[in-house]
Amino acid sequence: MSARVLAFVFVAAGVVLTASPAHAGVCSITSTTGVAFGSYDVFDPAPLLTAGSVTYECSGVTGSDSVILEISGASDATTPRAMTSGAHVLGYQLYLDAARTAVWGAGTGGTATYGPVHPSDGVPVAVPVYGRVPARQDVAAGTYSDTLVVTLQL
């Protein structure tokens, strides 16, 4: 019988706007869908894969504007991130791409950011967040979570 772990990541949204005083463009994160991993079987030889999303929308932007999204949190993105359940730790990582090769962070320590991209005016943009929990981690059964902050820069 395998131990099961319910694991998920809640992505909280934060907004940082950096623009010149004469600039009227505004962007905001309008919704997030957490990266919910579901049940984790410690004996399964395959990693647990799932996805969530961050949706942002801009208004009053010009062709020279660009958006950058960063994901940060208590656990460092340059090593496997960590979900916790009391004193127990379950490693995971978040990625920009479905192949899970570009670690999504703040653009430091080998991590990447979403963007810079030129936003469309008044068009919501859903950006996927790809997650992976490596296989065969020896963890106790429980509910594991981590809280992250998504920062939007205009």
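See the structure shown above.
Residues numbered from 1 in each chain as written. Predicted model: local features only at pLDDT ≥ 70, side-chain atom pairs only at ≥ 80, totals over all residues. Heavy atoms only, no water.

Colleague: Please give an account of the overall build of the chain that cites residues and values.
Modeller: The number of helices and strands found in the chain is 0 helices and 11 strands. Listed by position from the N terminus, the elements making up the chain come as β-β-β-β-β-β-β-β-β-β-β. Across the chain, every contact between residues at least 6 apart in sequence was considered, and the portion connecting residues at least 24 apart equals 79%. When the accessible surface of the chain is summed, it comes to about 7,300 Å², and 57% of that surface belongs to carbon and sulfur atoms. (Helix = DSSP H or I, 4+ residues; strand = E, 2+ residues; numbered from the N terminus. Contact = heavy atoms within 4.5 Å. Areas by Shrake-Rupley, 256 points an atom, 1.4 Å probe, with all protein chains shown as cover.)

Colleague: Describe unusual backbone geometry, and please don't skip the residues or the numbers.
Modeller: Going from Gly115 to Pro116, the amide bond is cis rather than trans, its omega being 15°. Positive phi is not limited to glycine here, since Arg100 has a value of about 60°. Tracing the sequence through the fold places Arg100 in the loop between strand E7 (88–95) and strand E8 (114–117). Given the relative accessible area of 12%, Arg100 is considered buried. Positive phi, normally seen in glycine, also occurs at Arg136, with a value near 60°. Along the chain, the position of Arg136 falls in the loop between strand E9 (125–133) and strand E10 (143–144). (Buried < 20%, exposed > 50% of the residue type's maximum accessible area, 1.4 Å probe, protein only.)

Colleague: Kindly report on the environment of Thr33, identifying the contributing residues and their values.
Modeller: Mapped onto the secondary structure, Thr33 falls in strand E2 (residues 26–33). Thr33 gets classed as partly exposed once you look at its relative accessible area, which sits at 43%. For the pair Thr33 and Thr55, spaced 22 residues apart in sequence, the C-alpha to C-alpha distance is 8.6 Å. Dropping the residues within four chain positions of it, Thr33 is found in contact with Gly52 and Ser53.

Colleague: Give me the sheet that holds strand E6 (residues 81–85): which residues, what numbers.
Modeller: Spatially, 5 strands are ordered E2-E4-E9-E7-E6 in an open sheet, and the strand pairing comes out antiparallel. Whereas interior strands pair on both sides, the edge strands pair on one side only; in this sheet they are E2 and E6. In this sheet, neighbouring strand axes are inclined to one another by 30° on average, regardless of whether the strands run parallel or antiparallel. Bridge analysis of E2 against strand E4 (residues 48–59) gives 7 bridges, and the strand direction is antiparallel. Bridged to Val26 within E4 is Ser59. (Pairing = 2+ DSSP bridges. Axes fitted to C-alpha atoms, helices over the stretch in contact; angles between N-to-C directions.)

Colleague: Just give me the short version of the nonpolar core, but keep the residues and values in it.
Modeller: Formed by 29 residues in total, the largest nonpolar core has its most connected members in Tyr56, Leu69 and Val133. Of all elements in the fold, only E2, strand E3 (35–41), E4, strand E5 (67–73), E7, E9 and strand E11 (147–153) reach the threshold of two or more residues within this core. Of the residues forming this core, the biggest block, 4 residues, is contributed by E4. When neighbours within four sequence positions are excluded, Val133 is seen to be in contact with Phe37, Tyr40, Pro47, Leu48, Met83, Leu90, Gly91 and Tyr92. (Core = buried A, V, L, I, M, F, W, Y, C linked by side-chain atoms within 4.5 Å.)

Colleague: Outline the state of the cysteines, supporting the account with residue identities and numerical values.
Modeller: Using the criterion set out here, one finds 1 disulfide in the structure. With its sulfur 2.0 Å from that of its partner, Cys27 forms a disulfide with Cys58. Measuring the twist about the S-S bond at about 110°, one finds the Cys27-Cys58 disulfide to be right-handed. On the criterion of sequence distance, the pair formed by Cys27 in strand E2 and Cys58 in strand E4 is long-range, its members being 31 residues apart. (Disulfide = S-S within 2.5 Å.)

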